[in-house]
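# Overview (structure and organization)
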Amino acid sequence: MRYVSTRGNTPAMTFTDAVITGLAPDGGLLVPDEIPQIADRLGDWQDLSFSELAKALIALFVDDIPQAKLDELIDRAYQGFAEPDVVALRSIAGVEVLELFHGPTLAFKDVALQLLGQLFEYILDIRGQHLNILGATSGDTGSAAIAGVRGLKTVDIFIMYPRGKVSALQELQMTTVLDDNVHCLAVEGSFDDCQRIMKAVFNDAEFKSEYSLGAVNSVNWARVLAQIVYYGYASLKLGREAGVTFCVPTGNFGNVFAGYLAKRMGFPIERLVVATNENDILSVFFETGRYERGAVRYTVTPAMDIQVASNFERFLYYHFGCDAGQLNAFMHAFATTGTAELPQPPGSDVFLATAISQATTLETIRALYEDCGYVADPHTAVGIAAAGRFDIPGPKVCIATAHPAKFPESVNESIGKEVARHPVLDALAGLESRRMEVAADEAAIKAVIRQRVAAISSG
Ligand SMILES: *Cc1c(COP(=O)(O)O)cnc(C)c1O
């Protein structure tokens, strides 16, 4: 198995190179050069546990890590999850809810980032390399990325966030991690400033190579790969008679794209419902074929307040029949004019899409609690609300992306009492924390990285 860039201008590479590379040098995203077909294994895989399925499935995409080692990395990645089978399926209000939030930071990103941390450690150790990860977060991603790599000797992680503009809880989830290799940078600016600085630092090729900069955002192929597992797992459990339809709250399209690959591999999946919040660029695309950037709207589902979904490029690449030329033309039109269009929308045989308003999201949280006693986080509620809009045969599985206690204000307010709590989050209040305040300035961020690297090399 080799990995190629969606933009067609990067030599094919191995899995471990793809994990370390992140974004391809030609600006594209890395994808496997073929999609393994598993229809004839469904019987053998039907009764596997989550981790067993992960070992069998991920191995199909990896030929440069020995199976015994890969198995060990997968076991280690999932040992910290609170559910015995890593994820949990619950029947609620006529749908199945697939809870993916039982990892260390209570968000679905742990499923992928816990494994990515293990992969980094193994690959860097073998190569004798050290990686400096730089990321920007408006909340959720930062803590999951930190939890994935904390304590590793081969990685330092620098997470920028806008000071005073992430919730107190989200800040504590990052700053109470006291491992030496974790650096929380409270930037005196906005999230846009953090992202701008991050782009500028990565665009400085000399700095990037001198300081071995790496990224953990959802363009990393290993994140998508780890996510395919739970689509396969739930479809095997529930799709014996009729294919399963997944309803996925969507921001960067990374999660639902993993579902698309699971369907292409041959798992019993009927449709994928792309559920967006009021940032509806993707739902408009699937309805009309038109992909048009708008202004970001801030909602109660901040992890989905995204206009340009980075992983969408991977889907377009397959939509264009793996023709990098067509993809380049589309992305170029979008980059230069803010709009790109297909002659026709992709068709509703795989994807269905809808946008859910804030009012509907909050009402869904209230109704789920009132009717079934289930407490859903706002992102999860977007998926559940979307499920109700489509009449499709077969089971519907709604992806639960965060524990409700991560978003207590909107959950408690919708329900009218304090129901959104979790002991892990309650415990944060008394813990020691550590952060560095930094100016919203490229030079200041680079200085922090330089100082840390100098400190490590002087032992
Ligand atoms: C990241 C995130 C999402 C969106 O996932 P994508 O892969 O970006 O589509 C949804 N819900 C929560 C809670 C998240 O943290």
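What this report covers is the structure whose coordinates are included nearby. All residue numbers here refer to positions counted from 1 along the written sequence of the relevant chain. Given that the model is predicted, a residue must reach a pLDDT of at least 70 before its local features are reported, and side-chain atom pairs must reach 80 or more before they are shown or counted; all residues, however, enter totals for whole chains, interfaces and linings. Side-chain numbers here rest on the full set of heavy atoms in the structure, without hydrogens or water.

This part is about the sheet that holds strand S7 (residues 182–188). Here we have five strands laid out as an open sheet, ordered S8-S5-S6-S7-S15, and parallel in their pairing. Strands with a single pairing partner mark the edges of an open sheet, and in this sheet they are strand S8 (213–214) and strand S15 (436–439). The pairing criterion for strands is at least two bridges between them, as found by DSSP. Runs of H or I in DSSP of at least four residues are treated as helices and runs of E of at least two as strands, each being numbered from the N terminus. In the sheet, strand S5 (residues 131–136) pairs with strand S6 (residues 155–162) via six bridges, with the strands oriented parallel. Bridge pairing links Ala136 to Met160 in S6.

Quick look at the pattern of salt bridges now. Salt bridges are identified by distance alone: a Lys or Arg side-chain nitrogen within 4 Å of an Asp or Glu carboxyl oxygen. Applying the stated criterion to the full structure yields 28 salt bridges. Close ionic contact of Glu72 with Lys69 constitutes a salt bridge, the shortest N to O distance being 3.3 Å. Separated by three residues within a single helix, Glu72 and Lys69 lie in helix H4 (residues 67–78), roughly one turn from each other. Asp179 is the partner of Arg150 in a salt bridge, and the nearest nitrogen-oxygen pair spans 2.9 Å. Placement of the pair is Arg150 in the loop between helix H6 (140–149) and S6 and Asp179 in the loop between helix H7 (168–175) and S7, with a sequence separation of 29 residues. Throughout, exposure labels follow a simple rule: accessible area from a 1.4 Å probe, protein chains only, divided by the maximum for the residue type, with under 20% read as buried, over 50% as exposed, and the rest as partly exposed. With relative accessibility at 42%, the residue Arg150 sits in the partly exposed group. For Asp179, a relative accessible area of 21% puts it in the partly exposed group. Residues joined by salt bridges that share partners form a network here, namely Arg163, Glu171, Glu188, Arg435 and Glu437.

A positive phi angle, close to 70°, is found at Phe253, a residue other than glycine. With respect to the helices and strands, the residue Phe253 is situated in the loop between strand S9 (244–249) and helix H11 (254–265). Although it is not a glycine, Cys322 sits at a positive phi angle of roughly 60°. Residue position: Cys322 is located in the loop between helix H13 (312–319) and helix H14 (324–337).

Before going further, it helps to spend a moment on the site of the ligand. Summary of the distance rule: residues count as near a molecule or strand when at least one heavy atom falls within 4 Å of that molecule or strand. As a matter of local geometry, the ligand sits amid 13 residues, with Lys109, Asp140, Gly251, Asn252 and Thr401 nearest to it. In the environment of the ligand, an oxygen atom lies 2.7 Å from a nitrogen or oxygen atom belonging to the side chain of Asp140. Here a polar contact is taken to be a pair of N or O atoms separated by no more than 3.5 Å, where protein atoms must pair a possible hydrogen donor with a possible acceptor and residues adjacent in sequence count only if both atoms sit in side chains. Between the ligand and Gly254 there is a distance of 3.4 Å, counted from an oxygen atom to a backbone nitrogen or oxygen. In the scheme used here, Gly and all other residues not listed as nonpolar or charged are polar, with Ala, Val, Leu, Ile, Met, Phe, Trp, Tyr, Cys and Pro taken as nonpolar and Asp, Glu, Lys and Arg as charged. In the shell around the ligand, the residues fall into four nonpolar, seven polar and two charged.

Attention now moves to the pairing of strand S4 (residues 95–99). Counting buried positions along S4 gives five out of five residues, so the element sits mostly inside the fold. The side-chain alternation of S4 yields two buried faces, one formed by Val95, Val97 and Glu99 and the other by Glu96 and Leu98. Two elements, strand S3 (residues 88–92) and S4, share five bridges in a ladder whose sense is antiparallel. Counted as the bridge partner of Ala88 is Glu99 from S4. Counting the residues in the hairpin turn of S3 and S4 gives two residues, including Ala93, whose phi is positive at 50°. Pairing of S4 with strand S14 (residues 396–400), which is carried by four bridges, proceeds in the parallel orientation. The partner of Glu96 across the bridge, within S14, is Val397.

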